[in-house]
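# What the coordinates show
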Amino acid sequence: MEERLYGVTPPISTNLPTEQEKRLHHALHDELRAQGTFESPAETEQREIVIAQLEKITNAFVKRAAKEKWPKNTILIRDAIGRVFTYGSYRLGVYGPGSDMDTLVVAPKYVTVEQYFKIFPEVLVQMAPKGAITDLTPVPDAFVPIIKFEFSGISIDLIFCSIQTLQQLPSEKNWSLADNNLLRGLSENEVRSLNGTRVTDDILNLVPEPATFKLALRAIKLWAQRRAIYANIMGYPGGVAWAMMVARVCQLYPKATSAVVVNKFFHIMHKWPWPLPVLLKDIEYNISVTRTAVWNPKIYNSDRNHKMPIITPAYPAMCATHNIGNSSMTIILKELEMGIKVTDEIMGGKRPWKDLFAKHTFFTSGFKYYLTVITSSRNKKAQNAWSGLIESKVRVLVNKLEMHHMIALARPFNKGYDRVHRCKNDKQLEEVISLGSLAYQYKPTPEEEKAEAEAKAKAEAEEEAKAKAEVEAKIKTEEMAENGDGHIKTENGDEDSKKIKLEEIEEKKVSADMEVFTTNYYIGLQFTGNPKALDLSREVNDWKAMCLNHPIYQEDTMFLSVQHLRNIALPDDVFEPGEEKPKPVKKQAKRPAGDVDGSQGVNRQVKRPAVNDDGSQGVNRPAKRQQTTNIG
């Protein structure tokens, strides 16, 4: 029987692994366990329990939606079901402790996204075990509508799609989303919702040995996270892009161990003739089931501009790395080159696997100059929305900086730093929101943290009880209306009085201090030559104007600032224990002249010049001109 060929080209090698390669495979597995990338069986079992509970909740939600839409169609209501699918790291089987679960709710055509945001949260709170649901946050305005929450301590990102070609969903356990006809009638954001699962399933079906692929992917994910090049939103490959790159290497070495795949990954991706796309299978064209565009650089200028295109295998094919710019591509290629050196030595028995997972040096020695983007808000909810928007726009600022003739490289760090501050007056507030001052940062004591956690748990329990009571009252009201048993009266006066009382209670709890929430994003800068002054005001001001014109911006609540700082001025909390913060460089005084016999003259005294915090010499000598950056 002829072996199946994987990918768009024949394999490079089909050699069976050597004994040394098997030993390296086991060593890699042991190292990944030591690094804590595997979850315990109990934690995995808890995930399965949560998925099972979500399936029951989804069925109840769809029946509620059907009853609301067609109250007299008892057969449709009886047969109404929804389906829950996962995607991302959980479906790929490469999740670890604390990993989010990317989840999709699929419903029949009559269920609307408005019903999803109206009904699903109610049913979720009502049916879940008491206290299991926390941090429930519907985000209806997102490009892909999403509800975020924690279910029994597991973070869930739940998206939604209704299938426009199905009046009812099949109940078969092995029913999948593979059929392209399921995309008919869907908008682009709905296609993207459905394609998360479709892409994940295709990746697993297109690798020769799934177990080999999964272990190699765990290694590459850990490496990319440690090197701070894992974040699609910041212009680096995200989880699905790294997965497709590893899958392509598995196709080229179908018999190799995970250790060999990891080593070959660095060689192949570093030498890849970009912008030639990475494909796991041929792109499907001429399928008219959706208006969503298929990736095609021959037709679309935007597709031609992609630096490192990695194309999803499921129809319609899309580029998973469209956010990568010049600087991030330079950084990725540099990291891949370093990966070649390390893994070659590992394969030769000269180094251990742990050396591959060494932490980045972005703050410790990566750059001398940085920009920090400071987002701030007067309350936590506003800050979550504002910092999320700005995070998605940082790469736009990076693109503007890259076009400046004096900027050789602008590298964004792949995550932001959240802080809380308590200010006593407007002057302190201005220092925090405009200058990024940490002088008023609030760090709760263990006792305060415990008290805040207890208060939060109590508030969530009260909110949950209130939501359940409202749902039960609503259901009872609907039943009464159906049976003709009563007339329903809305008592707005009582509700208003309750709100007033709650506001009064909250007002008494407010501290005299002004609480400010900030999130800082850092961009490392490398210059061409050694400029004495640098004007970035146009780039920064244009970018700020774009952000401040966004509909979610609230002038009295949300603030945005961009500041330039030296590496020696970086805040302490960006450094982990054991890391050394950059220090000012002290210039050595000239050695005093020696006597004829070579000994130093004992009567001669040498006065060392003073050193300022920024490394410049003090007032005893004329100060050298310092490099300055004008950012508006």
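Residues numbered from 1 in each chain as written. Predicted model: local features only at pLDDT ≥ 70, side-chain atom pairs only at ≥ 80, totals over all residues. Heavy atoms only, no water.

## Section: the overall build of the chain
For the record, the criterion: Helix and strand definitions here come from DSSP, where helices need a minimum of 4 consecutive H or I residues and strands a minimum of 2 consecutive E residues; each element is numbered from the N-terminal end. Any residue under 20% of the maximum accessible area for its type is buried, any over 50% is exposed, and the rest in between are partly exposed; the area is computed with a 1.4 Å probe on protein chains only. Here a residue-residue contact requires only that any non-hydrogen atoms of the pair lie within 4.5 Å. Note that accessible areas follow from Shrake-Rupley with a 1.4 Å probe, and for residues the cover is restricted to the protein chains shown.
Across its full length, the chain holds 17 helices and twelve strands. In the chain, which comprises 632 residues, the proportion classed as buried is 45%. In the chain, of all internal contacts separated by at least 6 residues, the share reaching a separation of at least 24 is 73%. Surface accessibility of the chain: about 33,700 Å² in total, with carbon and sulfur atoms responsible for 51%.

## Re the packing of aromatic side chains
What counts, and what does not: Two aromatic rings from Phe, Tyr or Trp, using only the six-membered ring of Trp, form a pair when their centres are within 6.5 Å; if the ring planes differ by under 30 degrees the pair is stacked, by over 60 it is edge-to-face, and anything between is tilted. Criterion for a charge above a ring: Arg CZ or Lys NZ at most 6 Å from the ring centre, at most 35 degrees from the ring normal.
One pass over the full model with this rule turns up 28 aromatic pairs. Pairing Phe 61 with Tyr 116 gives two aromatic rings, centres 6.1 Å apart and planes at 65°, and the pair type is edge-to-face. Residue Phe 61 is found in helix H2 (residues 41–69), and its partner Tyr 116 is found in helix H5 (residues 113–127); the two are separated by 55 residues along the sequence. With relative accessibility at 0%, the residue Tyr 116 sits in the buried group. Connected via pairs of aromatic rings, a cluster forms that spans Phe 362, Phe 363, Phe 367, Tyr 370, Phe 413, Tyr 417, Tyr 522 and Phe 575. One cation-aromatic arrangement involves Arg 33 over Phe 38; the distance from NZ or CZ to the ring centre is 4.3 Å. Just above the ring of Phe 38 sits the side chain of Arg 218; from NZ or CZ to the centre is 4.1 Å.

## Quick word on the environment of Val 125
Its location among the elements puts Val 125 in helix H5. Through-space distance from the C-alpha of Val 125 to that of Ile 57 is 9.4 Å; in sequence the pair is 68 residues apart.

## Points about the environment of Leu 389
By the element assignment, Leu 389 lies in helix H13 (residues 380–402). Accessibility expressed as a relative area gives 11% for Leu 389, which makes it buried. With 164 residues separating them along the chain, Leu 389 and Tyr 553 place their C-alpha atoms 9.4 Å apart.

## Considering the pairing of strand E1 (residues 83–87)
Let me state the cut-off plainly: Think of it this way: DSSP has to see at least two bridges between two strands before they count as a pair.
Taken across its five residues, E1 has five buried, putting it largely inside the fold. Here E1 shows a buried face lined by Arg 83, Phe 85 and Tyr 87 and a second buried face lined by Val 84 and Thr 86. Two strands pair when backbone bridges link them, and E1 and strand E2 (residues 101–107) are joined in this way by five bridges, in the antiparallel orientation. Considered in E2, the bridge of Val 84 is made with Val 105.

## A closer look at helix H11 (residues 326–347)
To keep it simple, the criterion reads: Every helix has an expected span of 1.5 Å times one less than the residues it contains.
Between its terminal C-alpha atoms H11 stretches 31 Å, which fits the 32 Å expected from 22 residues at 1.5 Å a residue. Just past H11, the residue Gly 349 takes up positive phi, approximately 80°.

## Some thoughts on the nonpolar core
Going by this rule: We call a set of buried residues a nonpolar core when its members are Ala, Val, Leu, Ile, Met, Phe, Trp, Tyr or Cys and they connect through side-chain atoms within 4.5 Å of each other.
One finds Phe 213, Trp 223, Phe 265, Met 269, Phe 363 and Ile 523 to be the most contacted residues of the largest nonpolar core, which totals 104 residues. Residue contributions to this core peak at ten residues, all from helix H8 (residues 239–252). When neighbours within four sequence positions are excluded, Ile 523 is seen to be in contact with Phe 362, Tyr 369, Tyr 370, Leu 371, Val 373, Val 394, Leu 397, Val 398, Leu 401, Ala 410, Arg 411 and Pro 412. By size, the runner-up hydrophobic cluster in this structure holds 35 residues, among which are Ile 77, Val 105, Ile 156 and Leu 158.

## Things to note about the pattern of salt bridges
Selection rule: By definition here, a salt bridge exists when the distance from a side-chain nitrogen of Lys or Arg to a carboxyl oxygen of Asp or Glu is within 4 Å.
As enumerated under the stated definition, the model contains 21 salt bridges in all. For the salt bridge of Lys 281 with Glu 284, the shortest nitrogen-to-oxygen distance reads 3.9 Å. Among the salt bridges present, the one from Arg 538 reaches Glu 539, with a minimum N-O distance of 3.9 Å. The class for Glu 539 is buried, based on a relative accessible area of 9%. Because the salt bridges share partners, they merge into one network encompassing Asp 202, Lys 281 and Glu 284.

## Observations regarding empty space enclosed by the protein
Using the following cut-off: Buried and open spaces are told apart on a 1 Å grid over the protein atoms alone, a cavity being a set of points where a 1.4 Å probe fits but cannot get out and a pocket being an open set with protein on both sides within 12 Å along at least five of seven lines. Residues with an atom within 4 Å of a point are the lining residues. Grid points are joined across faces, edges and corners, and a volume is the space filled by probe spheres set on the points.
Within this structure, the stated rule accounts for three cavities of 30 Å³ or more. What the largest cavity holds in volume is close to 60 Å³. Lining the largest cavity are 13 residues, with Gly 325, Ser 328, Val 398, Asn 399 and Glu 402 sitting closest to its centre. Those elements that place two or more of their residues in the lining of the largest cavity are H11, H13 and strand E7 (407–412). Considering only enclosed or pocket space, the second largest cavity measures out at about 40 Å³ in volume. Together, Pro 208, Glu 209, Thr 212, Phe 213, Cys 250, Tyr 253, Pro 254, Ala 256 and Val 261 line the second largest cavity.

## Things to note about the sheet that holds strand E4 (residues 146–151)
Strand pairing in a sheet relies on backbone hydrogen bonds, with the paired strands running either antiparallel or parallel. Rules: Inter-axis angles, ranging from 0 to 180 degrees, are taken between N-to-C directions of lines fitted to C-alpha atoms, where helices are fitted over the stretch in contact.
What the five strands build is an open sheet, ordered E1-E2-E5-E4-E3; its pairing is mixed. Edge positions in the sheet fall to E1 and strand E3 (133–139), since each has one partner strand and no second. On average, each strand axis in the sheet is tilted by 25° relative to the strand beside it, whichever way the strands run. On top of the sheet, H5 reaches E2, E3, E4 and strand E5 (154–162); it is set at about 10° to E4, its chief contact.

## Some thoughts on the side chain of Arg 198
With respect to the element layout, Arg 198 can be found in helix H6 (residues 188–205). What Arg 198 contacts, discounting residues up to four positions off in sequence, is Leu 177, Ala 178, Asp 179, Asn 180, Leu 183, Ala 314 and Tyr 315.

## Regarding H13
The following threshold applies: Two axes are fitted around each residue, one to the seven residues ending there and one to the seven starting there, and the angle between them is reported as the bend at that residue.
For H13, with 23 residues, the first-to-last C-alpha span of 33 Å sits near the 33 Å given by 1.5 Å per residue. By the largest-angle criterion, Ser 392 marks the main kink of H13, which is about 35°. Buried within H13 we find Ala 382, Gln 383, Trp 386, Ser 387, Leu 389, Ile 390, Val 394, Leu 397, Val 398, Leu 401 and Glu 402. For H13, the elements touching its buried residues are H11, strand E6 (369–377), E7, strand E9 (514–527), helix H17 (537–548) and strand E11 (558–566).

## Description of the packing of helix H7 (residues 210–226) against helix H9 (residues 258–271)
Definition in use: By the definition adopted for this analysis, an angle is roughly parallel if under 35 degrees, roughly antiparallel if over 145, roughly perpendicular if from 65 to 115, and oblique otherwise. Two helices that cross are described as forming a left-handed crossing if the nearer one is turned anticlockwise from the farther one by less than a right angle, and a right-handed crossing if clockwise. Amino acids outside the nonpolar list (Ala, Val, Leu, Ile, Met, Phe, Trp, Tyr, Cys, Pro) and the charged list (Asp, Glu, Lys, Arg) are all regarded as polar, and Gly is one of them.
In contact at an axis separation of 8 Å, H7 and H9 are set at 50° when each is read in the N-to-C sense. For the element pair H7 / H9, the angle class is oblique. As H7 packs across H9, the resulting crossing turns out to be right-handed. Between H7 and H9, the residues in contact are Ala 211, Thr 212, Leu 215, Ala 216, Ala 219, Ile 220 and Trp 223 and Ser 258, Val 261, Val 262, Phe 265 and Phe 266, respectively. Split into classes, the residues belonging to the contact of H7 with H9 amount to ten nonpolar, two polar and no charged.

## Overview of unusual backbone geometry
Following Trp 274, the chain continues into Pro 275 via a peptide bond in cis, with omega recorded as 10°. Mapped onto the fold, Pro 275 is located in the loop between H9 and helix H10 (301–304). The linkage connecting Tyr 315 with the following residue, Pro 316, adopts the cis geometry, with an omega of -5°. For Pro 316, the location among the structural elements is in the loop between H10 and H11. The phi angle at Ser 152 is positive, at roughly 55°, despite the residue not being glycine. Counting through the fold element by element, Ser 152 comes out in the loop between E4 and E5. We classify Ser 152 as partly exposed; its relative accessible area is 32%.

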